[in-house]
Amino acid sequence: MDFELTDEQRALADGIRALCNDTLDPATLVALADGKPAAPRLWDDLVAMGVLGLVASEERGGLGLGWSEAALVAEVLGEYLAPGPILDAIVSAAVLDGVLDGSIRPALVDRSAAPAVLCHSRVVDQLVVVDQDGLWQVATSDVSLEEVEPATDPLTPVAVAASGWPQGTRIGDAADARAVWRGADLLRAASAVGIAEAATKRAVAFSLERQQFGRPVGSFQALKHMMADMAVRTELARASVYAAAVTLDQPEVGSAERAVAGARLVAVEAALRNSEANIQIHGGMGYTWEVDAHLFLKRALVLDATSGSASDAAEVVASHLG
Amino acid sequence: MDFELTDEQRALADGIRALCNDTLDPATLVALADGKPAAPRLWDDLVAMGVLGLVASEERGGLGLGWSEAALVAEVLGEYLAPGPILDAIVSAAVLDGVLDGSIRPALVDRSAAPAVLCHSRVVDQLVVVDQDGLWQVATSDVSLEEVEPATDPLTPVAVAASGWPQGTRIGDAADARAVWRGADLLRAASAVGIAEAATKRAVAFSLERQQFGRPVGSFQALKHMMADMAVRTELARASVYAAAVTLDQPEVGSAERAVAGARLVAVEAALRNSEANIQIHGGMGYTWEVDAHLFLKRALVLDATSGSASDAAEVVASHLG
Amino acid sequence: MDLRFSPSEQQFRADLRRWLDEVLPQLGPQPDPDDWPARRAFDTDWQRRLYEAGYAGINWPTEYGGRGATLTEQLIYLEETTRAGAPYVGVNFVGLLHAGPTLMAEATPDQRAAHLPRILRGDEVWCQGFSEPAAGSDLASLACRARLDGDHYVVSGHKIWTSFAQVADWCELLVRTDPDAPKHRGITWLICPMDAPGIEIRPLRTIVGSSEFSEVYFDEVRIPVANRVGAENDGWRVAMVTFGFERGTGFVSDLVETDRMIGEVADLARHLPRGDGTAWDDPAVRHELGRLQAEMDALWAMTKRNLAQSERSGAPGLGGSLVKVAYSELFQRLCDLGTRLLGPASLARADLAGLPSGAVTEERLRSLSFTIAAGTSQIQRNIVAERLLGLPKERPWTSS
Amino acid sequence: MDLRFSPSEQQFRADLRRWLDEVLPQLGPQPDPDDWPARRAFDTDWQRRLYEAGYAGINWPTEYGGRGATLTEQLIYLEETTRAGAPYVGVNFVGLLHAGPTLMAEATPDQRAAHLPRILRGDEVWCQGFSEPAAGSDLASLACRARLDGDHYVVSGHKIWTSFAQVADWCELLVRTDPDAPKHRGITWLICPMDAPGIEIRPLRTIVGSSEFSEVYFDEVRIPVANRVGAENDGWRVAMVTFGFERGTGFVSDLVETDRMIGEVADLARHLPRGDGTAWDDPAVRHELGRLQAEMDALWAMTKRNLAQSERSGAPGLGGSLVKVAYSELFQRLCDLGTRLLGPASLARADLAGLPSGAVTEERLRSLSFTIAAGTSQIQRNIVAERLLGLPKERPWTSS
């Protein structure tokens, strides 16, 4: 047992971090959040790097690496608030052709979720619909979608399918559907770890700089302890997500269902609480659009809303008890 | 509307406080907690003062005052950790003869609660059993009781009735039963306010005296804020309990059922959290038997265990929503 | 302890209710929140109606034209107007609740005469120029500078979190007149005309995208010395004087709104499909709402106790800090529950599939400001700890 | 990242399990917790058995007779022994985990030879004399005084929270040898024989009524200078050296116990009648337990990460503080849920009506110490904030 990143895993995460540093600087994100055209090369670069093929098998043209690697990438993407259906693409690439060469941009939807909402509707052309019976492909051109504004997260525009998702073409069975959704839940949880981490870093940096009563606000014990709790939540969430990822890769170490549900619970909770704490620590500035604190909370809300309900995840973990 | 104590109410509370100051000094309580014989004159004095007759009607020989007065008394008794079935006696005096002259010491029990536990079994001779159908009188001599040790609260010895409570003699109908139990819940909640208040006072006093790192520990913001939260919880609980008491006295101002259930939720929660915080603030000393911090938590646990479940109370309040 | 309303209080409520029933349908629709001229017109129209009906300045003494209502009447007034969905005090907030009371206590007769009647009738609108980018919780460290030049102060600096700046006629402005004095001692309170040359207003977008606040820049703005309220360098005391005016009614409208929203979230739960039933079938949801309602009821009771105590003592208590700490976090928990219930519908700040998701999600985001604005929860807890419990104050930092 | 155990790790586990299966049934019943001589006999017997089987000093280097196990093997060892219900380290705690490692790092060869083999075999028992009534979280302010008199230190003072004092042969004792030096610089580390004249032990009752801790009074106790470990006045550094010895396994047994208790509370819920069914039918109960288990699983995963990182770096991380903050509060929430489920059965610390109410209620009370002992949660949060996040340290108080 060695529950530490390998050198290769570390290099992969560093590579994505470098890419995000280049393409997702704060100015680009603010412009995107304002709805202004901004042209991050992110998607093209990810395609070029082969990142969308992390979990897709080599037969499909993927890298055939593991969920551990995908989770590390998702974490970094979360930390940089990377926009677009990247996580869905990574998962879909395992079941759908055309993702890896960038010719289609897919999104995952859960047929049982109500109302039927599609994230990133403007750039998505193919849907992978998950339901109890299997996995289905639907072209967005076959769906009656209506954009809804404002989206809660300005970096995650949404549309509603008033009459739900068409049946579509069957591309997998019920087990495939569960596996796809589980993978997506894992990557969303990993992305939540990135949010929790970034919110903590932002809070610490601000609190060291901001002076009140002749001292940095980060010297007040109430804020220090709030940030200590942020660090605790982040590290717990990270451990939980990495363990879930490894459990998908190494099924003999435990129940993937339990591990992913637990990771979803702990990580999304960490993202929500930490992004709220980051706003609180920023004080009034945290409540402004110009500071990016709100974007972390809004992304955390998106992750919470798209990962099934926390109660359902708690139910899953509880079902393994005893 | 004038939601402040009248001069008479204030004088009543002060009178009980003076009595408790006389008879329930810390040394007496510690001796009692150690199971050593201690002879507080409390019960006799309460009988003499007529306090047990606070809510009993004048026809029954009571004072015919209100639940507001009884709640104020219960709060002070809670603050001083007064032992014995005093609250039960105040409530029972309205339905049972012999309480006011001290010739019987009654206790209330809920037939539906499992297991069937009796508090203060050593001094109780008559039971008022509450159930869905009505109110019943049972002599403890007719019950097969077994003392259980150690009691969670050393000031609240308990016994178990392995075969439950005998049917007993009918002394009231279902509405009477509900009214009796509601009154008892109110007084338990009021007593919880006293616990919450006393825990806060103890924590503040200790934290001003105890020095660490060259300063009183009460100057550290983490502890200051913990105590601020204690004060907030106490004041909320007190307002909630007083409002519930007034609602029993003045039925036109709202639903007594909702008010008492809400008071039980808020006040017992305040007692639990504040008595825990008091232990935390005392540090290691708070974990010793010699300091009285543990006695407040243990009494709070007794109040929680004897007031139905918090979930049931939340259900009652929720049923009034909408 | 008596929670029954007296016959005169009941009469006051009945009269108010009748008047609201009559007047509210006459109002036009609420203006767009970002259309400030329309908001000013709407809110001052409402103020004029209140004035004409005798409800303006409900908490102002009669000697200044106010109603001089008892605290219980003020409670009833706030409860009824909020429940009826009457307009908020809106752009009249600073004038009625802060600048006005300050003028009553500290201004010259001329200053009072010039402003108080106009505030009361909705003829003039005020804003507040207190906070600065580097002076938030530590307000007394403000740096906006005023130097005396003949019979004018010349002001340069930068204020922030100024509501209504775009449409205000006047600003209650705190400036530093003695930079060498200890920080609380070199501050002066000025009545600043918002049309003075050198003032620039830049709206600040909030996280919900609204322009509720502005930054206000002062570049050599000339303000007559006659506009000074109180003595030079005594402005900190002048600014603090209004705290004595607040006697426990500050959060009544917010509590009424919170109470309503608990009901709305319960209603949402009753309509949200979940399996074969609705979300309301889940005991966890019901119990969470039951707890929130129980705490809300306690807050409402606490408000009544605060009022009763203030009525007797004539002084404000610390009840405001207690209420604010508890209420702001209660509201956040409520909104958190609301969005969790909504699930995918919380992805937009708009109503979806017939659900009130727009309002709930908007409140979810807006609730973040509750523990920040008007004294952060950290500051409020310091206040409770130091003033109510007598715990030691924060000490200045040593540079060791 | 690899969570699979290697063949040699699996072999280690299998061997250990087999040995535990064989040896545990040979042990007598656990002694009464307040019968200290019996506890010493039981725990040192267990230590001797570990020694003979090659498991003693699992984390001690082989040069001192330890097993020198890898961190993963230590994890397996703690996991398996806890799961199997093997005796705790008990009275051997201080010797094996604190005094022993300190001697290895700082003692003379003679001192090591005199104590290390005996500790390992369970032949001698140690206690710790660090804390004092006025020096809790602020340990360095300790006042227990030692003055040099020929070739002896003469010690007078008062220690508190000393476990095993009643049955210990030796005490690792921190004393102040230079009262004029800054507080961290005048402390010396001594090996104190517990049978020296002038030592008085007074047991301190805990809130569950047990005698887990004692106060130890020193009245002119003479300790040979030869018993000093490290230099005079260098005792603070000597005492801190063991922190480097701890590399993330400190809470493994507690986590295994917590995990087990989550299962026990779930089991309790499944057996508690509630209406027509059981408490387990209440989704609120299931979800609360599900959340606790998810956090527990995360803590377990975090422990494995801490171990892996320590294994690579050879140094302790801050993982211990993170684990302790989270685990202690998780355990308190779990116990709170347990007593709430029990209802009236929580009125006694004894099993009632076939329910495990005795253990649950006892743990409910015992859990209060978790956020106090071994560094309060406040101190742990300071450590995380300052050392992991780089936030400013607390400054000395000015007497303004």
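Residues numbered from 1 in each chain as written. Chains lettered and ligands numbered in written order. Predicted model: local features only at pLDDT ≥ 70, side-chain atom pairs only at ≥ 80, totals over all residues. Heavy atoms only, no water.

**Side note on the sheet that holds strand S3 (residues 126–130) of chain A**
Residue and element names in this part refer to chain A.
At step 1: Taking strand neighbours across the sheet as the criterion, the four strands line up as S1-S3-S4-S7 in an open arrangement whose pairing is mixed. The sheet is open, and its two edges are formed by strand S1 (106–110) and strand S7 (169–173), each paired on a single side. With direction set aside, neighbouring strand axes in the sheet form an average angle of 25°.
At step 2: Both S1 and S3 contribute to a ladder of five bridges, which runs parallel. The residue bridging Pro 106 from the neighbouring strand is Gln 126, located in S3.
At step 3: Seen against the sheet, helix H6 (residues 174–209) touches S1, S3, strand S4 (134–139) and S7 and runs at an angle of roughly 80° to S7. (Pairing = 2+ DSSP bridges. Helix = DSSP H or I, 4+ residues; strand = E, 2+ residues; numbered from the N terminus. Axes fitted to C-alpha atoms, helices over the stretch in contact; angles between N-to-C directions. Contact = heavy atoms within 4.5 Å.)

**Observations regarding the pattern of salt bridges**
At step 1: Inspection of the entire model under this criterion finds 121 salt bridges over all chains.
At step 2: Of the charged contacts in the structure, one is a salt bridge between Glu 394 of chain C and Lys 224 of chain B, with a shortest N-O distance of 3.3 Å. Residue Glu 394 of chain C is found in the segment after helix H11 (377–388), and its partner Lys 224 of chain B is found in helix H7 (residues 221–249); the two belong to separate chains.
At step 3: Taking relative accessible area as the criterion, Lys 224 of chain B reaches 0% and is therefore assigned buried.
At step 4: The closest approach of N and O atoms between Arg 340 of chain C and Asp 336 of chain C, which form a salt bridge, is 3.5 Å. Of this pair, Arg 340 of chain C and Asp 336 of chain C both sit in helix H9 (residues 319–342), four residues apart, which is roughly one turn of the helix.
At step 5: For Asp 336 of chain C, a relative accessible area of 11% gives the class buried.
At step 6: What emerges from the salt-bridge pattern is a single network uniting Asp 14, Arg 17, Glu 75, Glu 79, Glu 197, Lys 201, Glu 235 and Arg 238 of chain A. (Salt bridge = Lys/Arg side-chain N within 4 Å of Asp/Glu carboxyl O. Buried < 20%, exposed > 50% of the residue type's maximum accessible area, 1.4 Å probe, protein only.)

**Focus on unusual backbone geometry**
At step 1: The residue after Ala 114 of chain A, namely Pro 115 of chain A, is reached through a cis peptide bond having omega -5°.
At step 2: On the secondary structure map, Pro 115 of chain A appears in the loop between S1 and strand S2 (117–119).
At step 3: The backbone of Phe 164 of chain C shows a phi angle near 65°, a positive value even though the residue is not glycine.
At step 4: For Phe 164 of chain C, the position within the fold is in the loop between strand S3 (152–163) and strand S4 (170–176).

**A word on the interface of chain D and chain A**
At step 1: Counting from both sides, the interface comprises 48 residues of chain D and, opposite them, 47 residues of chain A.
At step 2: Here chain D packs against chain A, burying approximately 4300 Å² in sum over the two surfaces, 65% of which is carbon and sulfur.
At step 3: It is Met 1, Leu 3 and Arg 305 of chain D in chain D that bury the most area against chain A; as a group they hold 21% of the surface buried on that side.
At step 4: For the interface between chain D and chain A, the tally reads seven salt bridges.
At step 5: Measuring nitrogen to oxygen at the nearest pair gives 2.5 Å for the salt bridge that ties Glu 315 of chain A to Arg 286 of chain D.
At step 6: Our count for the chain D to chain A interface comes out at 21 residue pairs in polar contact (both at pLDDT 80 or more).
At step 7: Among the secondary structure elements, those contributing two or more residues to the side of chain D that touches chain A are helix H3 (71–83), helix H7 (252–271), helix H8 (283–313), helix H9 (319–342) and helix H11 (377–388) of chain D.
At step 8: The residue makeup of the side of chain D that touches chain A, split by class, is 23 nonpolar, ten polar and 15 charged. (Buried area = accessible area lost by both parts, 1.4 Å probe. Polar contact = N/O pair within 3.5 Å; in protein donor to acceptor, adjacent residues only side chain to side chain. Nonpolar A, V, L, I, M, F, W, Y, C, P; charged D, E, K, R; others polar.)

**Things to note about the domain arrangement of chain C**
Residue and element names in this part refer to chain C.
At step 1: Assigned domains of chain C: these are domain 1 (7–88), domain 2 (126–233) and domain 3 (251–388).
At step 2: Computed from C-alpha atoms alone, the centre-to-centre distance between domain 1 and domain 3 is 24 Å.
At step 3: Tallying the contact residues gives nine residues for domain 1 and eleven residues for domain 3.
At step 4: For the pair domain 1 and domain 3, the two sides together bury roughly 960 Å², of which 66% comes from carbon and sulfur.
At step 5: Together, Leu 71, Leu 75 and Thr 82 form the three largest contributors to the area buried by domain 1 at its contact with domain 3, with a combined 56%.
At step 6: Grouping the amino acids of the side of domain 1 that touches domain 3 by side-chain chemistry returns four nonpolar, three polar and two charged. (Domains from an automatic or database assignment.)

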